[in-house]
Amino acid sequence: MASCDEVRQLKKEHTRSLSMCGHVGFESLPDQLVDRSIEQGFCFNILCVGETGIGKSTLINTLFNTHFEELESSHFYPCVRLRAQTYELQESNVRLKLTIVNTVGFGDQINKEDSYQPIVDYIDDQFEAYLQEELKIKRALFNYHDSRIHVCLYFIAPTGHSLRTLDLLTMKSLDSKVNIIPLIAKADTISKSELQKFKMKLMSELVINGVQIYQFPTDDDTTAKINGAMNGHLPFAVVGSMDEIKVGNKMVKGRQYPWGIVQVENENHCDFVKLREMLICTNMEDLREQTHMRHYELYRRCKLQEMGFADMGPENKPLSLQETYEAKRHEFCGERQRKEEQMKQMFVQRVKEKEAILKEAERELQAKFEHLKRLHQEERMKLEDRRRVLEEESIAFAKRKATCELFPNQSFLTAAEQHSIPSPSTNIFKSSGLILKTVWLDNCFYFSQFPS
């Protein structure tokens, strides 16, 4: 089965070449393309990575020969933040929409373990935004503001020793997502011999650790020679300054020191001119193209593969997007039905468990109710017994009261006070010409008087 590249090669071999008999006019296509590009304008996005105070803003101002809006940054941010600012620049009749993304607080935290993660997330977010715009049915890429990062200027502190672990981790995490150009910042703080040794040591460490930095292209004959030479100067040692200092009879950009003047645009003093030439004048379009063709395509391919899309089927047959979509849709539908069944079974199981818990609670409540009911019955019986006793005492008391009211002026003693009453309970006494008859009934004495 022939691959896609082989198919394209076969088609190219079968393309016939013809000669024309006269002028047609499509030779003006490059001019049309230039006119269209000038009318539309260009965009370029720079990511500056480096610790606070290393000279990122000053260098950007010097590169574009203007004063961009500068916001002071503190060393005490709890985490790394990315701040993007977009500017409209115009040189001659060419308009450039320049976006500068600065890393605020990079390397300032005590724990630097995740300092590079916000940078990686930001780059991926820009790729994702462009991918979502591409996948729309009605796209507007012509007017779309492309925010993908085209180049990362990585600022390295001029220690003269080696790269920090944070620098290696950050560049290793970014080399597959963005074009990295390493820069030795504030190169005027290190001697020329030490600077050359430092460059060699940095490049050796990058190669050993497998960090892929941007190499200026050498496939174009017009720029191959200069780009090949400039690749040998990496990383660039730069100095930035917007101060105008008089040297001889002319004003130059530089930095004034007690021992002399460092001229920014003097190639014997620093590599600023080399950086500006390679970044802006010669390879800006290649940086844009590399971003789209290499880094964005890698992100897009990985993202679509995660979504289940592929160019080849199980039998190495080409698959169209529609076929892949249909297969993925059926897979998602089957997965959804399976999850629905699992959720239903889980729901039924939970309902059963809940019913068992409720039944157990109901049994406990019923047992508690029966126990309380039994206690209530016992209490009720006790109360009935007490009520009956109280009624009997009340009747007895009423009888004693009636007897006392019947003989208000007679004094007598009850048998309980004198002695126990023998049987039978009827006794007759004679006293003062009267016959007194007592009857013991219901724990009470009843009296009757008769004449003697």
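Before going into details, it helps to say that this report is about the structure given with it.

Conventions and cut-offs
Residues numbered from 1 in each chain as written. Predicted model: local features only at pLDDT ≥ 70, side-chain atom pairs only at ≥ 80, totals over all residues. Heavy atoms only, no water. Helix = DSSP H or I, 4+ residues; strand = E, 2+ residues; numbered from the N terminus. Buried < 20%, exposed > 50% of the residue type's maximum accessible area, 1.4 Å probe, protein only. Contact = heavy atoms within 4.5 Å. Pairing = 2+ DSSP bridges. Core = buried A, V, L, I, M, F, W, Y, C linked by side-chain atoms within 4.5 Å. Salt bridge = Lys/Arg side-chain N within 4 Å of Asp/Glu carboxyl O.

Attention now moves to unusual backbone geometry. Cis geometry is adopted by the peptide bond preceding Pro235, which originates at Leu234 and carries an omega value of -5 degrees. In this structure, Pro235 sits in the loop between helix H7 (224-231) and strand E6 (236-237). Notably, Asn65 is not glycine yet its phi reads approximately 55 degrees, a positive angle. Along the chain, Asn65 turns up in the loop between helix H3 (56-64) and strand E2 (81-91). If you check the backbone angles, Ser92 has positive phi at about 60 degrees while not being a glycine. Mapped onto the elements of the fold, Ser92 is located in the loop between E2 and strand E3 (94-104).

The next point concerns helix H5 (residues 165-174). Among all positions in H5, only Leu166, Asp167, Leu168, Thr170, Met171 and Leu174 are buried. In this structure, the buried side of H5 is in contact with strand E1 (42-49), helix H4 (117-134), strand E4 (151-156), strand E5 (180-184) and helix H6 (192-208).

Let's shift gears to the sheet that holds E4. The strand order E2-E3-E1-E4-E5-E6 describes an open sheet built from 6 strands, whose pairing is mixed. Edge positions in the open sheet fall to E2 and E6, since each of these has one partner strand only. Both E4 and E5 contribute to a ladder of 5 bridges, which runs parallel. Opposite Ile156, over in E5, you have Ile184 as the bridge partner.

Grouped together as the largest cluster of nonpolar side chains are 73 residues, with contacts concentrated most on Leu153 and Ile181. With 7 residues, the top contributor of residues to this core is H4. Those residues in contact with Ile181 that sit more than four places away from it in its chain are Val151, Cys152, Leu153, Tyr154, Tyr214, Phe216, Leu234, Phe236, Leu275 and Leu279.

Moving on, we come to the pattern of salt bridges. Summed over the entire model, instances satisfying the criterion amount to 21 salt bridges. When the shortest N-O distance is used, the salt bridge between Arg300 and Glu134 registers 3.9 Å. Of this pair, Arg300 sits in helix H9 (residues 284-306) while Glu134 sits in helix H4; the two residues are 166 residues apart in sequence, bridging distant segments of the chain. Residues Arg276 and Glu265 are paired through a salt bridge, measuring 3.1 Å at the closest nitrogen-oxygen approach. Here Arg276, found in helix H8 (residues 272-282), pairs with Glu265, found in the loop between strand E9 (260-263) and H8; they are 11 residues apart in sequence, far enough to count as distant. Owing to a relative accessible area of 24%, Arg276 belongs among the partly exposed residues under this scheme. The network of salt bridges with common partners includes Lys199, Glu267, Asp271 and Lys274.

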